[in-house]
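# Chain and residue survey
What follows is each chain in one-letter form.
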Amino acid sequence: MAAPVSVQVEFGGGAELLFDGVKKHQVTLPGQEEPWDIRNLLIWIKKNLLKERPELFIQGDSVRPGILVLINDADWELQGELDYQLQDQDSILFISTLHGG
Amino acid sequence: MKCKEGLPVLIIRAGDAFCKDCFKAYYVHKFRAMLGKNRLVFPGEKVLLAWSGGPSSSSMIWQVQEGLSRESAKRLRFVPGIIYIDEGAVCGQSPEERAKTVVEMKLILQTIAFPYHIVSLEEVFNLPTSVLQPVSQGPRGFENTYKEAVDGFIQQQQQQQQRAPEEGGGEAVLSDEQIQEKLRQLSTQDPVGQEEVAGDSLPRPAQTTALMTLFSSVKTLTAREELLQTLRAHLILHVARVQGYTKVMLGDSCTRLAIKLMTNLALGRGAFLAWDTGFSDDRHGDVVMLRPMRDYTLKEIAFYNRMFGVPSVFTPAIDTKAPEKASIHRLMESFILRLQAQFPSTISTVYRTSEKLVKAPRNGDAAGAATARCLLCMCALDIDSTDSATAFGAQTLERLAQKLSPAPVLPTGAPGRPCCTKGTRLQPGCCRDTRPSSEREEPRASFIEQLCYSCRVNMKDVPFLEPFPPYILMESQCRSQRAWEKQEVQEFLFEESEEEALHPLGFSPQF
């Protein structure tokens, strides 16, 4: 049983194009049986926030290669990537590195 | 963990964790090491920074700014300027969106105290043909000249310190003043510079239409991207020449260059990889293109920009939201990135391979001065069109076979009656025009002859020559005219041989 969690989801580097141009989203994830980790967050984002072209953001059960994920301004690789358990008031940032130069 | 005390915030490569401060030191050091190792930027030289608004070029400008403002011993020593090219027309942006983007760009450019030039891509229609003519650079002994230049510069600074120690502040302030004053002068010239090159911030609608006609006539996204890169390079080169910049810094990162290397192999540019992906690109002769960011992965750049607040503006590009198989560039990008996700040493391996590529001149040519250059990409023509075993030779044969079938069309003048008087300039279609009929009727055939292999392959996707900017068409005509004239007078030219070098009249004197 996971309690509802309130997190800030942010998009940068061009990823916001897939979300109607909105960069910051303050979301409250509802309580559910499975714990809220990044993997489930991605599923939730795909269902509720992603407006178009899911294949440009998500590949399989992870993000598309080329999209960086920062959890509280730190690399998600240091936190266990998809298995990191979300905590209240966390800030998750998705930066697309595939744009510009 | 490098420093054992800070909190790790990021992992680079296979397992190096960095804390924030260590990462900053590492990042800044890499930039200066890249410039210092290559020793190509001389003190006091004018360097143009190409800014697209994206993260890599923004980071590059930020590093240059930081580097110029340090204490004098370790300070970067060149004089920068920035160029931004507005490509909104080919990326499907409306004039209002373009104006808005330019305003955002200007806001950032004004916080950086370098002179800047905002140019729209439509300016390619005003370029002169000199852009396509490489200027040969005299030979330079690099090592000694660089060291001498740096020593001379330091000496000059010290002399100035000694000359006026009583003028307020400390000696350090005075030597700083030198560069700062120069920058300030350039900044005040800025509005003039902008007017000279760009005119108003928005181009004339006729030119925008012409540009969009050109790009929409190209059939594939691959060819469109290549064309865009070519035009962009020409425009940057022209601005650099006009404004007196001798070096241009491009913001290509390690990731991008690895992708570019593989893409160029697929496009048939294998012979020019050293120029396309190396640190320095001297194909234009007088203006050298540098890539100081080539050691940074996109991940490092994105993290640095986020952590240290480097401003960048997102603008849609020509391939935004394009599906994966839309062009060779996109396909290669997704291939490399996906491979990198599973094998984290992919990009660094490709990068290290590209470092080993050497620019070798062709056999027997002295500094490439005599070789013909491709009309569009200005690399040495790697052609041996008589050898049918190569892809190149096969292309040439295929085209000749097509030409043989239609019957030749008679020239404009009726047979027997001259259509011009002696002494007038020969026009295509004139009765005196003795070129083979294929070349006469089709400027396209002679245009293609002047391109390298990959540019020719790209031209397959461009059905019409007319939408091209005038400087390209004019230069093509000029070159084919010159080649034909040379052929015509070939038999009358004296051939150089050993005896004739001694006896210019061609015969040995009788005594």
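Criteria and thresholds
Residues numbered from 1 in each chain as written. Chains lettered and ligands numbered in written order. Predicted model: local features only at pLDDT ≥ 70, side-chain atom pairs only at ≥ 80, totals over all residues. Heavy atoms only, no water. UniProt positions renumbered as here; feature names shortened; annotations may be inferred. Core = buried A, V, L, I, M, F, W, Y, C linked by side-chain atoms within 4.5 Å. Buried < 20%, exposed > 50% of the residue type's maximum accessible area, 1.4 Å probe, protein only. Helix = DSSP H or I, 4+ residues; strand = E, 2+ residues; numbered from the N terminus. Contact = heavy atoms within 4.5 Å. Salt bridge = Lys/Arg side-chain N within 4 Å of Asp/Glu carboxyl O. Pairing = 2+ DSSP bridges. Axes fitted to C-alpha atoms, helices over the stretch in contact; angles between N-to-C directions.

The name recorded for chain B in an unreviewed UniProt entry is Cytoplasmic tRNA 2-thiolation protein 2, from Phascolarctos cinereus. Annotation of chain B in UniProt includes, under Subcellular location (unreviewed entry), the sentence "Cytoplasm". According to the UniProt record, the Sequence similarities (unreviewed entry) comment for chain B reads "Belongs to the CTU2/NCS2 family."

Within an unreviewed UniProt entry, the label attached to chain A reads Ubiquitin-related modifier 1, and the organism entered is Phascolarctos cinereus. Its UniProt record, at the heading Pathway (unreviewed entry), says of chain A: "tRNA modification; 5-methoxycarbonylmethyl-2-thiouridine-tRNA biosynthesis." In its Sequence similarities (unreviewed entry) section, the UniProt entry covering chain A states "Belongs to the URM1 family."

## Details of the nonpolar core
Residues and elements named next belong to chain B. With 62 residues, the main nonpolar core has Phe 23, Leu 49, Ile 82 and Met 249 as its most contacted residues. Sorting elements by how many residues they give to this core places helix H1 (residues 20-38) first, with eight residues. The contact partners of Ile 82, leaving out residues within four places of it in the chain, are Leu 48, Leu 49, Trp 51, Ile 61, Leu 109, Ile 112, Phe 114, Pro 115, Tyr 116 and His 117. In this structure, Ile 85, Val 119, Cys 455 and Phe 468 belong to the second largest nonpolar core, which totals 56 residues.

## What about the pattern of salt bridges?
If you walk through the whole model with that rule in mind, you get 24 salt bridges over all chains. Asp 75 of chain A is the partner of Lys 299 of chain B in a salt bridge, and the nearest nitrogen-oxygen pair spans 2.8 Å. With one member in each of two chains, Lys 299 of chain B in helix H11 (residues 298-307) and Asp 75 of chain A in strand S6 (residues 74-75) form a pair that bridges those chains. Since its relative accessible area comes to 18%, Lys 299 of chain B is described here as buried. Glu 77 of chain A is the salt-bridge partner of Lys 299 of chain B, the closest N and O atoms lying 2.8 Å from each other. A residue pair is termed interchain when its members come from two chains, as with Lys 299 of chain B in helix H11 and Glu 77 of chain A in the loop between S6 and strand S7 (91-96). Look at Glu 77 of chain A and you get partly exposed, because its relative accessible area is 35%.

## Examining the sheet that holds strand S4 (residues 79-86) of chain B
All names here are of chain B. Strand order across the open sheet formed by six strands is S5-S4-S3-S6-S8-S7, with mixed pairing between neighbours. Looking at which strands have only one partner, the edges of the open sheet turn out to be strand S5 (116-120) and strand S7 (280-281). Pairing of strand S3 (residues 46-51) with strand S6 (residues 247-249), which is carried by three bridges, proceeds in the parallel orientation. Residue pairing across strands places Val 47 opposite Lys 247, the latter belonging to S6. Across the sheet, helix H2 (residues 55-68) is in contact with S3, S4 and S6; its angle to S3 comes to roughly 145°. The sheet strands contacting helix H3 (residues 95-111) are S3, S4 and S5, and the helix crosses S5 at an angle near 165°.

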